[in-house]
Amino acid sequence: MGWRSAQGVLQAIALNVPSTVFSMMCQGSAESYQPTAETPLCPRRFKVHTYPTREAHDFIWVWRGEPREELPPLPFMEDIDSSFYYSTFRDHWATHYSRAIENQLDVVHLPFIHRTTIGRGNRTLVDGPVARLEGNSLYVWVYNRVDDGSKPLKPSEIAPPARPFQLQFLFPNIWQNRISEDIRIVIAFAPIDDENTLMYIRFYQRVMRVPVLCGLVNWIGKVGSAIIARQDKRVVTTQQPKRSGLHIGEKLIQGDRPIIMYRARREELTSVALPDSQESPIQ
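Residues numbered from 1 in each chain as written. Predicted model: local features only at pLDDT ≥ 70, side-chain atom pairs only at ≥ 80, totals over all residues. Heavy atoms only, no water.

## Details of the overall build of the protein
Right, so step 1: Tallying secondary structure elements over the protein gives four helices and 13 strands in all.
Right, so step 2: Relative to its full complement of 283 residues, the protein shows a buried share of 41%.
Right, so step 3: Pairs at least 24 residues apart make up 58% of the contacts formed inside the protein by residues separated by at least 6 positions.
Right, so step 4: When the accessible area of the protein is evaluated, it comes to approximately 16500 Å², of which 56% is carbon and sulfur surface. (Helix = DSSP H or I, 4+ residues; strand = E, 2+ residues; numbered from the N terminus. Buried < 20%, exposed > 50% of the residue type's maximum accessible area, 1.4 Å probe, protein only. Contact = heavy atoms within 4.5 Å. Areas by Shrake-Rupley, 256 points an atom, 1.4 Å probe, with all protein chains shown as cover.)

Right under this line is the structure:
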């Protein structure tokens, strides 16, 4: 019919679409419409496919798996709570969501792609990195330093981290850069199709809580995050093939350990049926 349902009116559990002819229920059926002599009842062809949704952490989550009475817990950072203030911007990337995610797990590219921003300091030698997979949570500790001619340390040669992780990824699509105890960057990767991803990028902080100044700090954080994201975007959107994978012929190095672990776990989750306790919806 070509109308935008967003222009309709939400009443209880029904959406009255702009034409005022149909009232679409949450289950997808058109419960009321203007009948005719030929079709006194609403035809079955007007039933639409629906997905269970939930709202949490100021995101709308969509469950695209098989229907079930009880949905699994939503993946989100336990250490980000209501004490944080945040700003959000959306960015469309013309690539598969797996490539966009891997970019945020890539610790090698920082001094090259981001040499004018977060990669300043010419720390091109990558020790480790140390990466741990705990269930559906991937944690990364970064050890980049200036190249002094020595060989990079293997993860096994690095003492167990005494500091908090810097990067965290929650399968299937939530990522966090833990800049400090009070400043975080969070990205929700929303797949559109095999060649497009919408990224919801948030700057969280609880350093400044005074209303007007808080908004200013959040705006500055959003602008900074946008600049950094655009530096990545111009490179990542050129990668071929657009969909990443564990066996696509790419030659990875030691510094790509978090990416390798992501690919291996993602392949496990997409190739076998998941136990009930591990299922996750797609953002």
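## A short note on the layout of surface pockets
Right, so step 1: Of the voids in this model, the largest pocket is the one considered here, and its volume is about 750 Å³.
Right, so step 2: Surrounding the largest pocket, 31 residues form its lining, Leu 110, Ile 118, Leu 167, Asn 177 and Ile 179 being those nearest its centre.
Right, so step 3: At the level of elements, helix H1 (97–105), helix H2 (110–113), strand E9 (137–145), strand E11 (174–178), strand E12 (183–193) and helix H3 (211–236) are the ones that each hand at least two residues to the lining of the largest pocket.
Right, so step 4: Top contributing element to the lining of the largest pocket by residue count: H3, with seven residues.
Right, so step 5: Looking at the lining of the largest pocket, its residues break down into 15 nonpolar, eleven polar and five charged. (1 Å grid on protein atoms, 1.4 Å probe; cavity = no way out; pocket = protein on both sides within 12 Å on 5 of 7 lines; lining within 4 Å. Points joined across faces, edges and corners; volume = space filled by probe spheres on them. Nonpolar A, V, L, I, M, F, W, Y, C, P; charged D, E, K, R; others polar.)

## Let's talk about H3
Right, so step 1: Compared with the 38 Å implied by 1.5 Å per residue over 26 residues, the 37 Å span of H3 between its first and last C-alpha is a close match.
Right, so step 2: Among the residues of H3, Cys 214, Asn 218, Gly 221, Ser 225, Ala 226, Ala 229, Gln 231, Asp 232 and Val 236 are the ones counted as buried.
Right, so step 3: For H3, the elements touching its buried residues are strand E7 (85–93), H1, H2, E12 and strand E13 (196–205). (Expected span 1.5 Å × (residues − 1).)

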